[in-house]
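# Overview (structure and organization)
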Amino acid sequence: FEAMQPPAVFISIGRGIAVDEDALNRALDSKSIAGAALDVFRTEPLPVTSALWDRENVLLTAHNADYTEDYFRRGWEVWMENFEAYTNKQPLVTPVDYVAGY
C-alpha cells in the first residue's frame, strides 16, 4: 500500500489470501490511501470482528458480485463445455492449476 497515492482506492476482487488485511487497515488508519472496495477476504464470510465493517471509506460486497442476469445460463454453458471436452479427452475450458492454487 506504500506505493499507492493518497487519493487511490484499493480494489480487491481476486483471492482473499492475496491481501494483507492488517496492512490494509494500517493504510486506511494512516490515510495513506483514500479507501478500498473488497469482494474477497482472507476468511469468508468476513468475521463480524473485522475492523473493515466499521469503515466509511470501505465498500464491502458479497463474493458473488458477478451475479448477473445470465449467471446461471452461462454457468451451465461452461459446465457443458467442460463435460464435452472431458468426454472427448480434450483440455477443459476451466482447468484447475494446482501450482497456482486455483
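For the structure itself, consult the block above.
So, how was this worked out
- Residues numbered from 1 in each chain as written.
- Predicted model: local features only at pLDDT ≥ 70, side-chain atom pairs only at ≥ 80, totals over all residues.
- Heavy atoms only, no water.
- Helix = DSSP H or I, 4+ residues; strand = E, 2+ residues; numbered from the N terminus.
- Buried < 20%, exposed > 50% of the residue type's maximum accessible area, 1.4 Å probe, protein only.
- Pairing = 2+ DSSP bridges.
- Axes fitted to C-alpha atoms, helices over the stretch in contact; angles between N-to-C directions.
- Contact = heavy atoms within 4.5 Å.
- Patch = residues over 30% accessible without salt bridge, like charges linked within 9 Å, V, L, I, M, F, W, Y side chains within 5 Å.
- Areas by Shrake-Rupley, 256 points an atom, 1.4 Å probe, with all protein chains shown as cover.
- Salt bridge = Lys/Arg side-chain N within 4 Å of Asp/Glu carboxyl O.

## Some details on unusual backbone geometry
Residue P45 follows E44 across a cis peptide bond; omega there is -5 degrees. Residue position: P45 is located in the loop between β2 (35-38) and β3 (58-60). Positive phi outside glycine occurs at K31, with the angle close to 60 degrees. With respect to the secondary-structure elements, K31 resides in the loop between α1 (21-29) and β2. One non-glycine residue, K89, adopts positive backbone phi at about 55 degrees. Its location among the elements puts K89 in the segment after α2 (71-87). Note on K89: relative accessible area 75%, which makes it exposed.

## A closer look at the sheet that holds β2
Taken in spatial order, the three strands of this open sheet run β1-β2-β3, and their pairing is parallel. Looking at which strands have only one partner, the edges of the open sheet turn out to be β1 (9-12) and β3. Looking at each pair of strands side by side, their axes are set apart by 10 degrees on average, direction ignored. By the bridge criterion, three bridges tie β2 to β3 in an arrangement that is parallel. Note that in β3 the partner of A37 across the bridge is L59. Sheet contacts for α1: β1, β2 and β3; angle to β2, the most-contacted strand, approximately 145 degrees.

## Thoughts on a nonpolar patch on the surface
Taken together, the side chains of W76, W79, M80 and F83 define a hydrophobic patch exposed on the protein surface, amounting to about 460 Å² of accessible area. Within the fold, W76 resides in helix α2.

## Focus: the side chain of S12
Looking at the element boundaries, S12 is found in strand β1. A relative accessible area of 5% places S12 in the buried class.

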